[in-house]
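Analysis of the macromolecular model
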Amino acid sequence: MQRQQQKKTEIKWKCLLANCIHEVLSTRNGWRETDRDDWDFIWADKDWIRMHFDECRAGLPPTTRVNHFRNHYELTRKDHMVKNLKRMVNNLRREDRASEAAMYDFFPTTYALPMEYGVFVEDYKRQSDKPIWIAKPIGKAQGRGIFLFTDLKDVKLWKKAAENRGNPKQDDDDDVENYVVQKYIEKPLLVGGKKFDLRIYVLVTGYMPLTIWLYRQGFARFSAFRFSGNKGTLKDTHLHLTNVAVQKTAPGYDREAGCKWFIDCLKRYLLSLHDKETVDKSFYEIQMLIIRTLLAVQKSMMHDKHCFELYGYDVMLDSDLKPWLIEVNASPSLTADTPSDHEFKCGMLDDLLDVIDIEEKRTGDETQVGGFDQIYQGGYVTPVKSSVQSYLGCYNNRVQVKARAQREYIRSKNHSK
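A short tour of the structure in this document, coming up.

The rules we used
- Residues numbered from 1 in each chain as written.
- Predicted model: local features only at pLDDT ≥ 70, side-chain atom pairs only at ≥ 80, totals over all residues.
- Heavy atoms only, no water.
- Helix = DSSP H or I, 4+ residues; strand = E, 2+ residues; numbered from the N terminus.
- Rg over C-alpha atoms; globule rule 2.2 N^0.38 Å.
- Buried < 20%, exposed > 50% of the residue type's maximum accessible area, 1.4 Å probe, protein only.
- Contact = heavy atoms within 4.5 Å.
- Areas by Shrake-Rupley, 256 points an atom, 1.4 Å probe, with all protein chains shown as cover.
- Lys, Arg positive; Asp, Glu negative; His and termini not counted.
- Charge placed at Lys NZ, Arg CZ, Asp CG, Glu CD.
- Core = buried A, V, L, I, M, F, W, Y, C linked by side-chain atoms within 4.5 Å.
- Pairing = 2+ DSSP bridges.
- Phe/Tyr/Trp six-rings, centres within 6.5 Å; stacked < 30°, edge-to-face > 60°.
- Lys NZ or Arg CZ within 6 Å of the ring centre and 35° of its normal.
- Axes fitted to C-alpha atoms, helices over the stretch in contact; angles between N-to-C directions.
- Disulfide = S-S within 2.5 Å.
- 1 Å grid on protein atoms, 1.4 Å probe; cavity = no way out; pocket = protein on both sides within 12 Å on 5 of 7 lines; lining within 4 Å.
- Points joined across faces, edges and corners; volume = space filled by probe spheres on them.
- Nonpolar A, V, L, I, M, F, W, Y, C, P; charged D, E, K, R; others polar.
- Arc of directions from axis to C-beta.
- Salt bridge = Lys/Arg side-chain N within 4 Å of Asp/Glu carboxyl O.

What follows concerns the overall build of the protein. Each helix and strand in the protein was counted, giving 13 helices and 17 strands. Relative to the 2.2 N^0.38 estimate, which gives 22 Å for 417 residues, the radius of gyration of the protein is 23 Å and therefore close to what a compact globule would have. Overall, the protein is about 75 × 60 × 50 Å in size when its C-alpha atoms are taken along their principal axes. Split into buried and exposed, the 417 residues of the protein put 52% on the buried side. Contacts in the protein between residues far apart in sequence, at least 24 positions, make up 70% of those at least 6 positions apart. Entry remark: accessible area of the protein is about 20700 Å², with carbon and sulfur atoms responsible for 48%. Taken as two groups, the 65 positive and 59 negative side-chain charges of the protein have centres that lie 1 Å from each other.

Printed below as a string of structure tokens:
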């Protein structure tokens, strides 16, 4: 795709999704939608990246931006994520950095089926208390295909597939979907007796150097029912899975109220129960979990100056406020369920475009843009003159920050005339 670089006063954009991002792009000053291939910015789905990006990237001007890295799946596919995390731990141990390796204790014991079925069975048989396991298809989202189990007979399909691996006479009908099985977090933190997980938004603008922006706001996603760890409830997905897509199908679901709670509300609730140091430590551990996960995949990622990625991190707190990484999404839902959800997502996406900065308004020295805080750029970025180590869950002063940045941009333009 050969074309002349557009003036920064007019940004041509293309969007393949009809949700909040399309709305934000439509209302952004100086941006104009195009249905041709002369775009400066595209928000595409993962299939488009796989099928079309390589053929067009050679003709892209330097300022053009695309919303996925080509091999985003190194982090966002469940089996690849765990593979990279385990490899990072092993590499650190080989380099006599055992204390750093010990910091990667934030993901549950996980095995890929059918590939690691034999290793999984060995571990399973060593467990005297017969814990609960959760099985997830590696390539599905929104809770589809997930089930909980305690008995090996519930995963016997993968036993047969493991036994037939490498057998050229294997019937295609014997193929099974690839899954991961994880130890279930049996003592999650509860609010009002209900289980929840956290959806946190992380923007990576490059892997060389690794540059990470963490959004201050996010939300907790609740189950509509009081939690029970009783093994007789394992088939009740509404009780155990907090995905909004699952909860929407629950009896009595209130579409106007939804099942979310903003993270700043959750943090204030936790501060009413625990001392500030304990809560701040938990939220800082979430931030470090994010950084360490991205460091684990950095060498595997195909860096491209045109690419960025908005990741949706799913994290769960246990009863000790320890964070656990559940999974990372390359296409977090940008559809709004409620008016407050709509306001939040549109604001976050508008801030994302300010970070990407196709208009070239930024100085490049900013550590906060809208509600995004830079937490890593080739090294850790430490908050200045702050009583907290992480701004996650803190007051989101995006409106004030955005207004101040606009004033500074106008002042610099006037000064350069």
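Counting 59 residues, the largest nonpolar core has Leu 198, Ile 200, Ile 290, Leu 294, Tyr 311 and Tyr 313 as the members making the most contacts within it. Element by element, the count of residues in this core is highest for helix α11 (residues 276–297), at 11 residues. In contact with Leu 198, other than residues within four places in its own chain, are Phe 219, Ala 220, Ile 263, Leu 266, Ile 286, Tyr 313, Asp 314, Val 315 and Leu 317.

Here we take up the sheet that holds strand β4 (residues 65–66). As a general point, the strands of a sheet are linked pairwise by backbone hydrogen bonds and lie either parallel or antiparallel. The sheet built from four strands is open, its strands ordered β2-β1-β3-β4 with parallel pairing. Each end of this open sheet is capped by a strand with a single partner; those strands are β2 (31–33) and β4. Judged from the three bridges that link them, strand β1 (residues 11–15) and strand β3 (residues 41–43) form a sheet pairing that is parallel. Note that in β3 the partner of Trp 13 across the bridge is Phe 41.

It is worth spelling out the packing of aromatic side chains at this point. A full pass over the atoms with the stated rule returns 28 aromatic pairs. Seen from their ring centres, Phe 106 and Phe 107 are 6.0 Å apart, and the 65° between their planes marks the pair as edge-to-face. For Phe 106, a relative accessible area of 4% gives the class buried. Judged by its relative accessible area of 15%, Phe 107 is buried. The interplanar angle of 85° and the centroid separation of 4.9 Å between the aromatic rings of Phe 120 and Trp 133 together place this pair among those described as edge-to-face. Here the residue Phe 120 occupies a position in helix α6 (residues 117–126), and Trp 133 occupies one in strand β6 (residues 133–137), the gap between them amounting to 13 residues. Just as Phe 120 is buried, Trp 133 falls in that class too. When the ring centre of Phe 219 is taken as origin, the NZ or CZ atom of Lys 260, which lies over that ring, is 4.3 Å away.

Bringing the sheet that holds β6 into the picture now. Taking strand neighbours across the sheet as the criterion, the four strands line up as β5-β8-β6-β7 in an open arrangement whose pairing is antiparallel. Edge positions in the sheet fall to β5 (110–113) and β7 (147–149), since each of these pairs with one other strand and no more. Strand-to-strand twist of the sheet, defined as the mean angle between neighbouring strand axes without regard to direction, takes the value 25°. Of the strands in this sheet, β5, β6 and β8 (179–183) are in contact with helix α4 (residues 78–94), which crosses β5 at around 130°. Across the face of the sheet, α6 comes into contact with β5, β6, β7 and β8 while running at roughly 140° to β5.

With that settled, consider the side chain of His 80. Examined against the element boundaries, His 80 turns out to sit in helix α4. What makes His 80 buried here is its relative accessible area of 16%. Non-local contacts of His 80, meaning those with residues more than four positions away in its chain, are made with Tyr 73 and Glu 74.

Once that is clear, we can look at the state of the cysteines. Any covalent bond linking the sulfur atoms of two cysteines counts as a disulfide. Using the criterion set out here, one finds zero disulfides in the structure. The thiol of Cys 307 is not disulfide-bonded; the next cysteine sulfur, from Cys 56, is found 9.4 Å away.

Below, the discussion takes up empty space enclosed by the protein. In total, this model carries two cavities of 30 Å³ or more according to the counting rule given. As a volume, the largest cavity reaches approximately 300 Å³. In terms of lining residues, the largest cavity is bounded by 26 residues, among which Ile 134, Lys 136, Leu 241, Asn 243 and Ile 326 are the most central. Those elements that provide at least two residues to the lining of the largest cavity are β6, β8, β10 (194–207), β14 (309–317) and β15 (323–329). At three residues, the largest contribution of residues to the lining of the largest cavity is made by β6. Among the residues making up the lining of the largest cavity, the classes are represented as 10 nonpolar, six polar and 10 charged.

Bringing the side chain of His 72 into the picture now. By the element assignment, His 72 lies in the loop between β4 and α3 (73–76). Residue classification places His 72 among the buried positions, given a relative accessible area of 8%. Once you skip the residues sitting within four places of it in the chain, His 72 turns out to touch Lys 46, Met 301, Glu 309 and Ala 330.

Among all positions of helix α10 (residues 263–271), only Ile 263, Asp 264, Leu 266, Lys 267 and Leu 270 are buried. The buried residues of α10 occupy an angular sector of 155° when projected down its axis, which confines them to one face. Buried residues in α10 make contact with β9 (190–191), β10, β12 (219–226), β13 (260–262), α11 and β14.

Applying the stated rule across the entire model yields 37 salt bridges. As a salt-bridge pair, Arg 77 and Asp 79 come within 2.7 Å of each other at their nearest N and O atoms. Taken together, the salt bridges that share partners define one network made up of Arg 28, Asp 350, Asp 351, Asp 354, Glu 359, Arg 398 and Lys 402.

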